[in-house]
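Secondary and tertiary structure notes
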Amino acid sequence: MEQQVEDLTNELLDEAEPKGTVDLVQAYSLPIPVKVIGALMGVSDDDMPRFKKGVRVLTEGMSGWGIARTILWDMPEVIRFSRELIERKRTEPGPDVLSSLIEAEEEGEKLNEDELVAMIFLLIFAGYETTVHLITNAVLTLLQHREQMEKLRANPGLGGSAVEEVMRFRGPVHGTKPNYATEDVELRGVPIKKGSMVIPLLGAANRDPRFFNDPEVFDIERSPNKHQGFGYGIHLCLGARLARLETRVAVNTLLRRNPNLKLAVKEEELQLQRVPFWHRYQSLPVTLG
Ligand code: HEM
């Protein structure tokens, strides 16, 4: 897998570098996880855009109209297409996760079609909507901390711990799904009533000075670094290893091939997308070279 991701990053840079200045999100951070998760799931490059509609509400702004359009049109279309895909894989299975899920049996029971549709949606969107922003956040944070960037360029073996530090310092996901208290509890002096919704703020935990020395300092060699960016416990992120690998390879290849990499706009011009519990940029214009 590592070699495939490296080949992909090189191909994308072969295309982007002659242009000089590009939006790194569109040219690099996005196609990497889209192509990787597409290949793993057995969804072709041509079919992947049909899924993107389901989450365009995130990139285009969470307006009332955007949410209504998602419920009324975009999601029904994604569901229709997922069913079509399941049908195709039933007749022509391939060496991919979707074909395996269709075949998988646990104690004599198979996943039914609704469960398969939900699984496709979860894996495809969790597979790229997150990692695209980890790659982007990693590159931006390194550009803002040049001495850390040079350290990594000189020693790519630090890639793994650099990715962990980006996850802590500027991870893309800042909250979990809603959790509901199954009984009355008290957490650090705060009473939580049975049935109340609780969303732990991972981004805040990752800057907690009781757990991290100098939490505002970005240090790619930080150790220990027990950040919560991939959640924790039984719902710990299923794709954490994949996201780590993709980001480490993406950042190392970019730095190796572009010794003069720089931001192509002023930092103040960068725009965060207004998506609750996320830290994601609209675009990241950079000059390659
Ligand atoms: C940088 C990339 C990623 C980040 C920051 C991230 C973050 C998270 C977080 C915080 C959770 C826990 C949510 C909760 O407790 O409610 C989670 C769960 C999950 N993630 Fe990721 N994720 C990433 C990449 C991926 C990838 C690449 C995949 C799939 C290939 C994936 C699949 C999942 C799934 C299926 C769950 C649900 C696990 C469960 O509830 O048991 N994630 N992720």
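Residues numbered from 1 in each chain as written. Predicted model: local features only at pLDDT ≥ 70, side-chain atom pairs only at ≥ 80, totals over all residues.

A few words on the overall build of the protein chain. Scanning the protein chain from terminus to terminus reveals 13 helices and nine strands. The globule rule puts the C-alpha radius of gyration for 289 residues at 19 Å, and the 20 Å found for the protein chain is close to it. A principal-axis box enclosing the C-alpha atoms of the protein chain has dimensions of 55 × 55 × 40 Å. Taken over 289 residues, the protein chain has a buried fraction of 30%. (Helix = DSSP H or I, 4+ residues; strand = E, 2+ residues; numbered from the N terminus. Rg over C-alpha atoms; globule rule 2.2 N^0.38 Å. Buried ≥ 20, exposed ≤ 12 C-beta atoms within 10 Å, placed from the backbone.)

Another point: the site of the ligand. Contacts to the ligand come from 23 residues, most closely from T130, T176, G231, C237 and G239. Secondary structure elements with two or more residues in the shell around the ligand: helix 8 (113–128), helix 9 (131–144) and helix 13 (240–257). When residues of the shell around the ligand are assigned to their parent elements, the largest contribution, four residues, is made by helix 8. Along the lines of polarity and charge, the residues of the shell around the ligand split into 13 nonpolar, nine polar and one charged. (Near = placed C-beta within 6 Å. Nonpolar A, V, L, I, M, F, W, Y, C, P; charged D, E, K, R; others polar.)

A few words now on the nonpolar core. Judged by nonpolar contacts, the single largest core of 46 residues is most densely connected at L24, I135, A138, V139, V166, A250 and V251. Of all the secondary structure elements, the ones that give two or more residues to this core are helix 1 (2–16), helix 2 (24–29), helix 3 (31–41), helix 6 (64–91), helix 8, helix 9, helix 11 (159–170) and helix 13. Looking at which domains feed residues into this core, each of domain 1 (1–35 + 130–289) and domain 2 (42–127) gives three or more. (Core = buried A, V, L, I, M, F, W, Y, C linked by C-beta atoms within 7 Å. Domains from an automatic or database assignment.)

For the protein chain, the domain assignment lists domain 1 (1–35 + 130–289) and domain 2 (42–127). Every contact between the two is made by eight residues of domain 1 and, on the other side, eight residues of domain 2. Partitioning the side of domain 1 that touches domain 2 into residue classes produces three nonpolar, three polar and two charged. (Contact = placed C-beta atoms within 7 Å.)

For any two helices packed against each other, one specifies the crossing angle of their axes together with the interaxial distance. Look at helix 1 against helix 13: their axes get within 9 Å of each other, and the N-to-C directions meet at 40°. Classified by the interaxial angle, the pair formed by helix 1 and helix 13 is oblique. Seen along the crossing, helix 1 lies across helix 13 with a hand that is right-handed. In this structure, helix 1 uses E2, V5, E6, T9, N10 and L13 to contact helix 13, whose residues at the interface are L245, E246, V249, A250, T253, L254 and R257. Residues belonging to the contact of helix 1 with helix 13 are distributed by class as follows: six nonpolar, three polar and four charged. (Axes fitted to C-alpha atoms, helices over the stretch in contact; angles between N-to-C directions. Parallel < 35°, antiparallel > 145°, perpendicular 65-115°, else oblique. Left-handed = near helix turned anticlockwise from the far one by under 90°.)

Turning our eyes to something else, we now look at the sheet that holds strand 1 (residues 21–23). Within the open sheet, the three strands sit side by side as 1-9-8. Their pairing is antiparallel. Of all strands in the sheet, those bounded by a partner on one side alone are strand 1 and strand 8 (262–263). Two elements, strand 1 and strand 9 (residues 285–287), share three bridges in a ladder whose sense is antiparallel. Its bridge partner lying in strand 9, T21 is registered against T287. (Pairing = 2+ DSSP bridges.)

Here helix 9 contains 14 residues, and its C-alpha end-to-end distance of 20 Å stays within 8% of the 20 Å for a straight helix at 1.5 Å per residue. When you tally the buried positions in helix 9, you get 10 out of 14 residues, the bulk of the element. Taken as a whole, helix 9 has its buried residues at T131, V132, H133, L134, I135, T136, N137, A138, V139 and L142. On its buried side, helix 9 packs onto helix 2, helix 3, helix 8, helix 10 (146–154), helix 11 and helix 13. (Expected span 1.5 Å × (residues − 1).)

Backbone torsion omega between S223 and P224 reads -5°, so that peptide bond is classified as cis. Phi angles above zero are rare outside glycine, and R188 is one such case at about 45°. Checked against the element boundaries, R188 lands in the loop between strand 5 (185–187) and strand 6 (190–192). What makes R188 exposed here is the crowd of 4 C-beta atoms within 10 Å.

Looking at the element boundaries, W73 is found in helix 6. Taking the C-beta count within 10 Å as the criterion, W73 has 11 such neighbours and is therefore assigned exposed. Residues W73 and F169, 96 residues apart in the sequence, show an inter-C-alpha distance of 37 Å.

Turning our attention to the packing of helix 9 against helix 11. Running from amino to carboxyl end, helix 9 crosses helix 11 at an angle of 95°, the nearest separation of the two axes being 10 Å. Judged by the inter-axis angle, helix 9 sits roughly perpendicular to helix 11. Note on element contacts: helix 11 touches helix 9 through V163, V166, F169 and R170, opposite L134, N137, A138 and T141. The residue inventory of the contact of helix 9 with helix 11, partitioned by class, reads five nonpolar, two polar and one charged.

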